[in-house]
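# Survey of secondary and tertiary structure
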Amino acid sequence: MENPGNLQEVMVPPVEGVAGGGTSYGWSDGTIQISAALKGAIDPTEVPSSELLHVWCMPSTANVGSQEMPRHLEPVNLLAGRNERESIQVAIRPKVSWGGSGIAGTVQIQCNDLCSASGDRLSVGQSLKIKRVVPILGVPDALVPLDLPSSRINIFPGETTALWISVDVLNEQPPGVYEGEIFITAVKPDAPSTALCMAKAETQHLFRGLRGCLDLMELVEQASMDEVADRVKSASSNLRRILLSPSFSEFLSENGAVDLMDEDAISNRSISVKISLTVWDFTLPATPSLPAVIGISDTVIEDRFGVDHGSDEWFEALDQHFKWLLQYKISPYFCRWGDGMRVLTYTCPWPAGHPKSDEYFSDPRLAAYAVPYRPVVSCLDAGPNFLQKEIDILKTKAHWKKAYFYLWDEPLNVEHFNSIRKMASEIYAHAPDARVLTTYYCGPSDAPLAPTSFEAFLKVPKYLRPHTQIYCTSEWVLGNREDLVKDIVAELENGEEWWTYVCMGPSDPHPNWHLGMRGTQHRAVMWRIWKEGGTGFLYWGANCYEKASVPSAEIRFRRGLPPGDGVLYYPGEVFSASREPVASLRLERLLSGLQDIEYLRLYASRFGRDESISLLERTGVYQGPERYTVEHLPIDMMRGEIYNKCRSS
C-alpha cells in the first residue's frame, strides 16, 4: 500500500483547570468478553480488528466522553440538502491492548468517496472530512482535523475516542443516495515507511515543529516571567508531540518496525462503518435567512499571534479568521472594547474605499456586517470626516441593506444611553436609513422607566427611539416565560427589529453554548429563536480566551465566566503545526441549528409559520427553554417530515 497514512498524535491541549466528569451519556453493557486466543502478546495483523476494538456510531448531538460505553455498530443514514453540512460521530474503544508504551494501540482510519448509483461523488477531503474530538477541561469539544484519505491515531486503555465525520453537500450536487465506507483497523504502532525512509512531508512537518520550538525560546531574556512560563509550556508540548510522531515510533515501541499489509488485507481485517447520505432537491440559501453576528476579539489575535495592529500580518490574520468562519453560516464582526462597555465593531478591517471592502460585504454568505463608528487603523482611514466618508461610499452599494452599527454593549445608566443617542445622531445625519443595534437586559438604573425592573426593560425601545432600530435583548431576561415575548414585540414599531443574544446567561437547563451542556441544548439556541420569532442573533465573542503571547500557549477561559462562554473555536497551533483554527463541537451545533431554521422556514413557506412551530412541538424537538429533546431521534423525525412533505408538495 503506497500511502499508509500519517499517525496524527493529537495531544490533549494544555488547559487551565481540572478535568471534569459528566461527559459520558448513554448505555453501558457492563461486561466485555475477551477471547482466550487474545491473551498474551497480540499481533494486530493476525486477527480481525473486531476482536480488538469496539466501534459504534453516535449522533452529532452526543457528548462522547472517555467513559462512553460501547453500543452496537449500525449503518449510518443521513439526510441533507444542497449547501448543507451533516455530521455523525464514530466512537472507538479498545477491548484489549496491543501497543505497549502506555497506549492500547494504534488505529488506522481510511475512507473513500461517497458515490451514487449514477456515478456522482461526494469526494474525500472536499466534501467528506474527519476530525478527532479532543476534550477541553475533560469535556469533548475541540475538533482536530485528520489527514485524509488515511490517518493513524493512538488510543488508550479504558478510554473511548470519538471521531467527527462531516459531509458538505455542494450547491451543484445532484440529488440521490450516496454511499461509502470508513474503515477502522487496528495496526502495529510503528510504520516502516517512516522508520526506514522518512517522507519529505514528514520531514517538513518535523522541521516546522522544531523551528517553532526554537522560535518560542528565542529572546526570552526580554520577556516577562509569565511570558517565559507560557513559552516553556508551549515548547515542551510541541517537543512531546514531535517525539510521539511516527518518525520516532521504533524507539517508543517494544516491537520494532514491521511490514505493512496490502490494502486488501487491511480491508478484510477492518471494521467497516457504512454511510448512506440522501441528498434531496432542496438548496439552503447562500445567504442565511437569520443573521447570526458573532464577535471576534482583534486584541486576542494581536496578543496571541504577535501581530501589530494595522500591520500586513495583522490584516492577514484577521482575513484568515473571517474567511474560515463564513463556512459556519455566521456573520463575523471584529471588536475592540473601550471604557464603560463602549465597543468598536467592524466586519472588514479595510476602509470602505478599499477593494477588500466590496469583496467582504458582497460575499453572499454574509448576512449582516458591522460598520465602524470611528477609524479602525488610524494610518489608513483617519481624518475628521471618517464616518461621513465611510457612509457615503457604503450607502451607494447594493449590500448597504446588510449594514448595521453596534456602538455600545448593555448600557446600564443614563450616561450610557445618552452616548448611544449622540453617536446614532451623528450616523443618521449622513444616512437616515442606517440601522443601529443595541444589546440590553435592563433599563437605566439611575432613571427608572417603570415600577418594576421588567417593565423598565420593556420601555427601553420607547426610551431609545429613534436612536436604535435593532433591539437585541438577552434571553436571560425571559427565563422560562415564553409568554413575555409578546410584551417585548408589542413595544416595537414598524421598521424596528427584535434580535436576541446569550452570554453568561441563561444557564442550565436553558439553551446556551457553555462547555458541558448537552448537545441538543447547544442546538436548541436556534430552535428557541425560531419559536419566539426573533429576526436576528448576536453572540459577543468566539475567541475570547485569556491573554497569551504565543499561538500554542495554554488555553484559559476567562475568569468569572462559565467555561466556554465567549469561545467557539481554538488556535490550531495548540493541537498541531497547523495555523488553521480548530472548531468546537458547539460551533458545529450552532451551524446545525442555523440549518434547522432553513428547514423550518421552508416548511413555513408551504404550510404557514404556526404549522412549523407545531411541528417543532409535536415531534418533541422543542417546546420551551426548559422542555426540549435530550435525544437525537426527534430531530431526525422533524427533518424527515419536512423532507417528506416539502418534496411532494
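Attention here is on the structure that accompanies the text. (Residues numbered from 1 in each chain as written. Predicted model: local features only at pLDDT ≥ 70, side-chain atom pairs only at ≥ 80, totals over all residues. Heavy atoms only, no water.)

## Observations regarding the overall build of the chain
- Looking only at helices and strands, the chain features 19 helices and 26 strands.
- By the burial criterion, 57% of the 649 residues in the chain qualify as buried.
- Considering only contacts within the chain whose residues lie at least 6 apart along the sequence, 77% involve residues at least 24 apart.
- Only carbon and sulfur atoms are counted for the fraction: they give 52% of the accessible area of the chain, which is about 26300 Å². (Helix = DSSP H or I, 4+ residues; strand = E, 2+ residues; numbered from the N terminus. Buried < 20%, exposed > 50% of the residue type's maximum accessible area, 1.4 Å probe, protein only. Contact = heavy atoms within 4.5 Å. Areas by Shrake-Rupley, 256 points an atom, 1.4 Å probe, with all protein chains shown as cover.)

## A word on the layout of surface pockets
- Volume-wise, the largest pocket comes out at about 900 Å³.
- Along the walls of the largest pocket sit 32 residues, with Cys57, Met58, Pro59, His632 and Leu633 positioned nearest its centre.
- Of all the secondary structure elements, the ones that give two or more residues to the lining of the largest pocket are strand E2 (53-59), strand E3 (76-82), strand E4 (84-94), strand E13 (271-283), helix H16 (519-532) and helix H19 (633-648).
- Of the residues contributing to the lining of the largest pocket, the split by class is 12 nonpolar, 13 polar and 7 charged. (1 Å grid on protein atoms, 1.4 Å probe; cavity = no way out; pocket = protein on both sides within 12 Å on 5 of 7 lines; lining within 4 Å. Points joined across faces, edges and corners; volume = space filled by probe spheres on them. Nonpolar A, V, L, I, M, F, W, Y, C, P; charged D, E, K, R; others polar.)

## Let's talk about the state of the cysteines
- Throughout the structure, instances matching the rule amount to 0 disulfides.
- Left unpaired, Cys544 is separated from the closest cysteine sulfur, that of Cys335, by 5.7 Å.
- On the accessibility criterion, Cys544 (0% relative accessible area) is buried. (Disulfide = S-S within 2.5 Å.)

## Some thoughts on the pairing of strand E18 (residues 403-409)
- Among the 7 residues in E18, 7 count as buried, and that is most of the element.
- Examined bridge by bridge, strand E17 (residues 369-370) and E18 share 2 bridges and lie parallel to one another. Paired with Ala370 across the strands is Tyr404, a residue of E18.
- With 3 bridges connecting them, E18 and strand E19 (residues 436-440) associate as parallel partners. For Phe405, the partnering residue across the bridge sits in E19 and is Val436. (Pairing = 2+ DSSP bridges.)

## Structural notes on the nonpolar core
- Ranked by internal contacts, the top residues of the largest apolar core, which has 117 residues, are Phe405, Ile427 and Met526.
- Considering each element in turn, this core owes the most residues, 10 residues, to helix H17 (residues 585-607).
- The residues contacting Met526, other than those within four sequence positions of it, are Leu290, Trp513, Phe537, Leu590, Gly593, Leu594 and Ile597.
- Core analysis: the second largest hydrophobic core is formed by 38 residues, Val90, Val107, Cys111 and Val167 among them. (Core = buried A, V, L, I, M, F, W, Y, C linked by side-chain atoms within 4.5 Å.)

## A few points about the pattern of salt bridges
- Using the criterion set out here, one finds 35 salt bridges in the structure.
- The shortest N-O distance in the salt bridge between Arg639 and Glu84 comes to 2.9 Å. Placement of the pair is Arg639 in helix H19 and Glu84 in strand E4, with a sequence separation of 555 residues.
- On the accessibility criterion, Arg639 (3% relative accessible area) is buried.
- One salt bridge in this structure joins Asp168 and Arg85, with 2.7 Å as the shortest N-O distance. (Salt bridge = Lys/Arg side-chain N within 4 Å of Asp/Glu carboxyl O.)

## Re the environment of Lys397
- Mapped onto the elements, Lys397 comes out in the loop between helix H10 (386-394) and E18.
- Lys397 gets classed as partly exposed once you look at its relative accessible area, which sits at 29%.

## A look at the environment of Tyr440
- In this fold, Tyr440 is placed in strand E19.
- Sequence separation of Tyr440 and Leu412 is 28 residues, and the distance between their C-alpha atoms is 8.1 Å.

## Brief notes about the sheet that holds strand E24 (residues 582-584)
- Strand order in the open sheet made by the 7 strands is E2-E4-E11-E8-E9-E24-E23, with antiparallel pairing throughout. Because the sheet does not close on itself, it has two edges, and the strands there are E2 and strand E23 (569-570).
- Here strand E8 (residues 128-136) pairs with strand E9 (residues 139-145) via 6 bridges, running antiparallel. Bridging from a neighbouring strand, Lys131 pairs with Pro145 of E9.
- The sheet strands contacting H17 are E4, E8, E9, strand E11 (161-169), E23 and E24, and the helix crosses E4 at an angle near 140°. (Axes fitted to C-alpha atoms, helices over the stretch in contact; angles between N-to-C directions.)

## Observations concerning the pairing of E8
- Across the 9 residues of E8, 7 count as buried, placing the element largely inside the fold.
- As consecutive antiparallel partners, E8 and E9 are separated by 2 residues, and within that stretch Leu137 has a phi angle of approximately 55°, a positive value.

## Some thoughts on the sheet that holds E17
- The 9 strands are arranged E16-E15-E14-E22-E21-E20-E19-E18-E17 in an open sheet whose pairing can be described as mixed. Pairing within the sheet leaves two strands with one partner each, and these edge strands are strand E16 (343-346) and E17.

## Digging into the packing of aromatic side chains
- All chains considered together, the criterion is met by 23 aromatic pairs.
- Relative to Tyr406, the ring of Tyr333 lies with its centre 5.9 Å away and its plane at 85°, an arrangement referred to as edge-to-face. On the criterion of sequence distance, the pair formed by Tyr333 in strand E15 (residues 331-337) and Tyr406 in strand E18 is long-range, its members being 73 residues apart. Grouping residues by exposure puts Tyr333 and Tyr406 together as buried.
- Over the aromatic face of Tyr463 sits the side chain of Arg421, whose NZ or CZ is 4.3 Å from the ring centroid.
- Geometry around Tyr599 places Arg639 over its ring, the cationic atom sitting 4.4 Å from the centre. (Phe/Tyr/Trp six-rings, centres within 6.5 Å; stacked < 30°, edge-to-face > 60°. Lys NZ or Arg CZ within 6 Å of the ring centre and 35° of its normal.)

## Points about unusual backbone geometry
- Of the consecutive residues Leu148 and Pro149, the connecting peptide bond is found in the cis state with omega at 15°.
- With respect to the secondary-structure elements, Pro149 resides in the loop between E9 and strand E10 (150-155).
- Backbone torsion omega between Gly505 and Pro506 reads 0°, so that peptide bond is classified as cis.
- As for its position among the elements, Pro506 is in the loop between strand E21 (497-502) and H16.
- With a phi angle near 60°, Lys329 is a residue other than glycine that sits in the positive phi range.
- Relative to the helices and strands, Lys329 is located in the loop between helix H7 (312-325) and E15.
- Although it is not a glycine, Met341 sits at a positive phi angle of roughly 70°.
- Mapping Met341 onto the fold places it in the loop between E15 and E16.
- Of the residues examined, Met341 reaches a relative accessible area of 33% and is grouped as partly exposed.

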